[in-house]
Amino acid sequence: MDFGDSDTLRAGPRDTDLLLPHGARGVKVVIVGGFGVGKTTMVGAVSEIPPLTTEERMTQAGVGIDHNPGASGKSTTTVAMDFGRISINQELILYLFGTPGQERFWFLWNGIFEGALGAVVLVDTRRIEVCFEVITRLEDRRVPFVVAVNTFPEAPQYPLDELRTALALSDSVPLVTCDARDRASCRDALLSLMVYLCTLAVQETV
Ligand SMILES: Nc1nc2c(ncn2[C@@H]2O[C@H](COP(=O)(O)OP(=O)(O)OP(=O)(O)O)[C@@H](O)[C@H]2O)c(=O)[nH]1
Ligand SMILES: [Mg+2]
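Described in the following lines is the structure provided in the data block. (Residues numbered from 1 in each chain as written. Chains lettered and ligands numbered in written order. Predicted model: local features only at pLDDT ≥ 70, side-chain atom pairs only at ≥ 80, totals over all residues. Heavy atoms only, no water.)

Moving on, we come to the pairing of strand β1 (residues 25-32). Burial analysis of β1 places six of its eight residues in the buried class, which makes it a mostly covered element. In this sheet, strand β5 (residues 92-98) lies alongside β1 in parallel orientation, the contact comprising seven bridges. Each residue of the ladder has a partner; that of Val27, found in β5, is Leu94. With four bridges joining them, β1 and strand β6 (residues 118-123) adopt parallel strand pairing. By the bridge assignment for β6, Val32 is matched with Val121. (Buried < 20%, exposed > 50% of the residue type's maximum accessible area, 1.4 Å probe, protein only. Helix = DSSP H or I, 4+ residues; strand = E, 2+ residues; numbered from the N terminus. Pairing = 2+ DSSP bridges.)

Moving on, we come to the coordination of the magnesium ion (ligand 2). Looking at the metal site, the magnesium ion (ligand 2) is ligated by Thr40 (OG1) and Thr78 (OG1), spaced 2.0 Å from it. Taken as a pair, Thr40 in helix α3 (residues 39-46) and Thr78 in strand β3 (residues 76-78) lie far apart in primary sequence, 38 residues in all. By relative accessible area, Thr40 is classed as partly exposed at 23%. Here Thr78 falls in the buried class, since its relative accessible area comes to 4%. (Donors = N, O, S within 2.8 Å, 3.2 Å for Na, K, Ca; no water.)

This brings us to the packing of aromatic side chains. One pass over the structure, following the stated rule, counts four aromatic pairs. Considering the side-chain rings of Trp109 and Phe113, the 6.0 Å spacing of their centres and the 55 degrees angle between planes classify their relative orientation as tilted. Judged by relative accessible area, which is 5%, Phe113 ranks as buried. In this structure an aromatic cluster arises from ring pairing among Phe83, Tyr95 and Phe97. Its guanidinium or amino end placed over the ring of Phe97, Lys28 lies 4.7 Å from that ring's centre, counting from NZ or CZ. (Phe/Tyr/Trp six-rings, centres within 6.5 Å; stacked < 30°, edge-to-face > 60°. Lys NZ or Arg CZ within 6 Å of the ring centre and 35° of its normal.)

The environment of ligand 1 is made up of 18 residues, and the closest members are Lys39, Thr41, Lys74, Thr77 and Asn150. For ligand 1, an oxygen atom lies 2.6 Å from a polar atom in the side chain of Thr77. Across the complex, the protein chains shield 84% of the 650 Å² of accessible surface that ligand 1 would expose by itself. Here the shell around ligand 1 takes three residues from α3, the largest share from any one element. (Near = heavy atom within 4 Å. Polar contact = N/O pair within 3.5 Å; in protein donor to acceptor, adjacent residues only side chain to side chain. Areas by Shrake-Rupley, 256 points an atom, 1.4 Å probe, with all protein chains shown as cover.)

Take a look at the structure:
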């Protein structure tokens, strides 16, 4: 069977015609964080297309391996990734990839982060410690990131400067609060990442 020129298949018109309007630039952004911090919720809230999700029900088989749904009342978890899209303006479109939170699926991050320009690290202040591992991985991969505290009503609230110290974040890394269920709030968190990426790009050129 003839599949044609492989270069055409790789770099043919599909990327531009089906995903990107003419003249627009697509940027890959990853929403990352520990189990149940609201990654799938954020991608779904902000996406202008019906999000792709890979939710599976958590069962007894995962007891002792996976995080317990516990108080969050979650019955499903992401087993591969989330995908959504948001147009910032006519020239800039963000492709949003949510990572799985259960550690046994973290190996998938290798593919999810490939080609990503930056990341939003979502934090639940009830389980801040998960972020250390997440942030270390991003620093190792040299992926620029902002940190967004998802303000669950039942979670303790700390001043942002205390959180910055607790997370050992440098002053230059943006730290914001958001509500992962709220579109405008998620958009603002993504915009803080875009502004940060622009700042880094300018710094690299001087
Ligand atoms: N109250 C409140 N609930 C939230 C918020 N964000 C998410 N939730 C709820 O918290 C739960 C966790 O959300 P998910 O979006 O599945 O979390 P996740 O990080 O994708 O989880 P995994 O993929 O399993 O790691 C869901 O039941 C959401 O409805 C929030 O900002 N406030
Ligand atoms: Mg999820």
